[in-house]
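Geometric and topological summary
Next come the chains, spelled out residue by residue.
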Amino acid sequence: MGFDTMELSRRNLVKYGLAGGAISLAGCLGGGDGGRNLPAKPVDAGSVPPENLEQNLNVWNWYDGWVNWAVEEFEGQYDTSVTTAAYSNPSKWYTKLEAENDEIDSISATSAWVVRSMDNDFLHALPIDRMDGWSALNELAKSDAEEYYQRNGAVYAIPEAQVAHPLTYSTDYFDDDPGSWDVLWQSDLKGKVSMQDWGEVACRIAALYTGQDPNDPDDFKEIEEALIQQKDLNVTYWKDHSTVQQMFENEQIVATVYTDGRTYNGRFQKGISMDMSNTKEGFMYTYDTFVIPKGAPNPNAAVAWTDMGSKPQNATKKVTTMGYLPPIKNIGDHLDLSNEKIDFLSWPQKMSDSATFIQPLPDDFRKKFDEIWTKVKAA
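Residues numbered from 1 in each chain as written. Predicted model: local features only at pLDDT ≥ 70, side-chain atom pairs only at ≥ 80, totals over all residues. Heavy atoms only, no water.

A few points about the nonpolar core
One broad trend across soluble globular proteins is that nonpolar side chains are buried collectively. Counting 109 residues, the largest nonpolar core has W93, L184, M195 and L227 as its most contacted members. Once residues lying within four places of it in the same chain are set aside, the contact partners of L184 are L167, V193, S194, M195, I205, Q230, L233, A255 and T256. (Core = buried A, V, L, I, M, F, W, Y, C linked by side-chain atoms within 4.5 Å. Buried < 20%, exposed > 50% of the residue type's maximum accessible area, 1.4 Å probe, protein only. Contact = heavy atoms within 4.5 Å.)

Structure below.
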């Protein structure tokens, strides 16, 4: 899980029920329903989880460690066979939605692609009033979902993971939280820092560093100049998340932009001396979300999958399997972890004043960031 409009690597799901009215869809929704009547839309569901599920379910979700656990759990509860697919770029599933999806039932989708899908009427609205996963969301996640994933009173996505993109630093090198993106521009740290090799990430970080709104910068030239200035300080521009952990472990770098989930994994699961900074300029965060695309052949099973996956006791398995934060309130009530780990996972409450949601970029901004990054790499 990297910045929102492209990448990355991992993500919670949504629920449905049986329609109260007799809506005849036999032979129309597919999924091996055996001729049973199914609801025309997820919001028509009469109960969550539904009373009758299709025999198959096709899930696209890149939180592979969590998915392996969830499939076994789901198939143990329901007489439904689950197939899964991971993806490296959201455009892979978006292309299928553009071609009138008739294959995918549930997607772990990043925010910018969710909004794009909503704008093009590719997603089903969700019956959030009957979903435990919705009521369990923490205050920040529910507020963001209502603002960004809602149209005309209907909600189209439920956050399954809350992903921060902070400054991650070496606790061996720094005695205290450095507390500023300045460290990536400090000349005495030349050859000890790294920037992600992704223009949108780098440009947003440079916007924070130069005191601009990363969602609406007003001086692109200043961003470009700052990144050119920073270029020679990097030991490398990194592309792979596992490379970052190796560089910290080998003491090749002492600071970089990373994610909270990978930082948690490195610190608590691999024993690497690293932590996330509460930078004074702020930091950015986003969500991976559960969505149900239109054309889903097994909508009832998709609702049941989302229902199971979004329950707090199941959502928190993302922490123990992958180190990523499910955006649920009172997370410590659902995890048997040390106070140190719970404190780390509580950043949405502790650091919310510093956190800026990664809004989908308008096309002209995205193009400008790409142009800047091309110039920086060539400088």
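Don't stop here, the text continues.
Examining the sheet that holds strand β7 (residues 167-170)
Judged by pairing direction, the sheet is mixed, and its five strands sit side by side in the order β9-β8-β10-β7-β11 without closing on themselves. Unpaired on one side and paired on the other, β9 (234-238) and β11 (274-276) mark the two borders of the sheet. Sheet twist, expressed as the average angle between the axes of neighbouring strands with direction ignored, equals 20 degrees. Across two bridges, the pairing between strand β8 (residues 193-196) and strand β10 (residues 255-257) is parallel. Note on β10: the bridge partner recorded for S194 is T256. Across the face of the sheet, helix α6 (residues 199-209) comes into contact with β8 and β10 while running at roughly 120 degrees to β8. (Pairing = 2+ DSSP bridges. Helix = DSSP H or I, 4+ residues; strand = E, 2+ residues; numbered from the N terminus. Axes fitted to C-alpha atoms, helices over the stretch in contact; angles between N-to-C directions.)

Focus: unusual backbone geometry
Cis peptide bonds are those with omega within 30 degrees of zero, and the linkage from V48 to P49 qualifies with 0 degrees. By the secondary structure assignment, P49 is in the segment before β1 (56-60). One non-glycine residue, N330, lies in positive phi territory at about 50 degrees. By the element assignment, N330 lies in the loop between α12 (317-322) and α13 (339-345).

What about the packing of helix α1 (residues 64-77) against helix α10 (residues 299-310)?
Remark: α1 packs on α10, axes separated minimally by 11 Å, with the N-to-C direction vectors making an angle of 115 degrees. The handedness of the crossing between α1 and α10 is right-handed. Together, W66, A70, V71, E73, F74 and Q77 of α1 and A301, A304, W305, M308 and G309 of α10 make up the contact between the two elements. Partitioned by chemical class, the residues of the contact of α1 with α10 number eight nonpolar, two polar and one charged. (Left-handed = near helix turned anticlockwise from the far one by under 90°. Nonpolar A, V, L, I, M, F, W, Y, C, P; charged D, E, K, R; others polar.)

From the geometry alone we can't say anything about function, so treat these as descriptive.
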